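What the coordinates show
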Amino acid sequence: MDCLFCKIVAGEIPARKLYEDDQVIAFHDIGPQAPVHFLVIPKKHISTLNDLSAADTPLAGHILFTAQRLAKEQGCEEGFRVVMNCNDLGGQTVHHIHMHVLGQRQMAWPPG
Ligand code: AMP
Ligand code: ZN
């Protein structure tokens, strides 16, 4: 499958990894939008949030908890933003689900 993030999972494309376990990896975003900007992704290929099934809910929780834990490790305990874009209208460009974690600057609302 021609998926950029599956290639990162497989080690075929380098990434600045922050964390890895049997289910997820986290790595710094190549185009950071904040002083801290990393992505948490499942190792399993899931194209969009629309493709998440009931059986994936423990994995989704693990992604969220990993984001929280790594955000603290990156010094973002005072506040941070998590974002998951879904499909083109949601601004998704890489079709392998990923949680953005952004921190170390003031976030604005509404997002663009
Ligand atoms: P999205 O637009 O929500 O699909 O987010 C995709 C994110 O992946 C963007 O923030 C990109 O900067 C990031 N990205 C694309 N290629 C890479 C890469 N090779 N390593 C790390 N991050 C990447
Ligand atoms: Zn993939």
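In what follows, the structure referred to is the one given above.
Residues numbered from 1 in each chain as written. Chains lettered and ligands numbered in written order. Predicted model: local features only at pLDDT ≥ 70, side-chain atom pairs only at ≥ 80, totals over all residues. Heavy atoms only, no water.

**Some remarks on the site of ligand 1**
- The immediate surroundings of ligand 1 are formed by 16 residues, with Asp29, Asn85, Thr93, His98 and His100 found nearest.
- Residue Val94 places a main-chain N or O atom 3.0 Å away from an oxygen atom belonging to ligand 1.
- When ligand 1 sits alone it has 500 Å² of accessible area, and the protein chains cover 83% of it.
- Elements that contribute at least two residues to the shell around ligand 1 include exactly helix H1 (4-9) and strand E2 (24-28).
- With three residues, H1 is the largest single contributor of residues to the shell around ligand 1. (Near = heavy atom within 4 Å. Polar contact = N/O pair within 3.5 Å; in protein donor to acceptor, adjacent residues only side chain to side chain. Areas by Shrake-Rupley, 256 points an atom, 1.4 Å probe, with all protein chains shown as cover. Helix = DSSP H or I, 4+ residues; strand = E, 2+ residues; numbered from the N terminus.)

**Quick look at the coordination of the zinc ion (ligand 2)**
- Around the zinc ion (ligand 2), the protein contributes the donor atoms Cys3 (SG), Cys6 (SG), His45 (ND1) and His96 (ND1), which lie 2.0 to 2.3 Å from the metal centre.
- Coordination at the zinc ion (ligand 2) is tetrahedral: its four donor atoms span angles of 105 to 115 degrees at the metal.
- Positions of the donor residues of the zinc ion (ligand 2) along the chain correspond to the pattern C-x2-C-x38-H-x50-H.
- Cys3 sits in the buried class, given a relative accessible area of 5%. (Donors = N, O, S within 2.8 Å, 3.2 Å for Na, K, Ca; no water. Tetrahedral: all angles 85-135°; square planar, octahedral: opposite > 155°, others 65-115°. Buried < 20%, exposed > 50% of the residue type's maximum accessible area, 1.4 Å probe, protein only.)

**Some words on the pattern of salt bridges**
- Counted under the stated rule, the structure contains five salt bridges.
- Two residues, Asp2 and Lys7, come together in a salt bridge whose shortest N-O distance is 2.7 Å.
- Looking at Asp2, the relative accessible area reads 71%, which means it is exposed.
- On the basis of relative accessible area, Lys7 is assigned to the partly exposed category, the value being 25%. (Salt bridge = Lys/Arg side-chain N within 4 Å of Asp/Glu carboxyl O.)

**Describing the sheet that holds strand E3 (residues 36-42)**
- What the five strands build is an open sheet, ordered E1-E2-E3-E5-E4; its pairing is antiparallel. Of all strands in the sheet, those bounded by a partner on one side alone are strand E1 (17-20) and strand E4 (80-83). Neighbour to neighbour, the strand axes of the sheet diverge by 15 degrees on average, direction disregarded.
- With respect to the sheet, helix H2 (residues 57-73) is in contact with E1, E2, E3, E4 and strand E5 (99-103), its orientation differing from that of E3 by roughly 155 degrees. (Pairing = 2+ DSSP bridges. Axes fitted to C-alpha atoms, helices over the stretch in contact; angles between N-to-C directions. Contact = heavy atoms within 4.5 Å.)

From the geometry alone we can't say anything about function, so treat these as descriptive.
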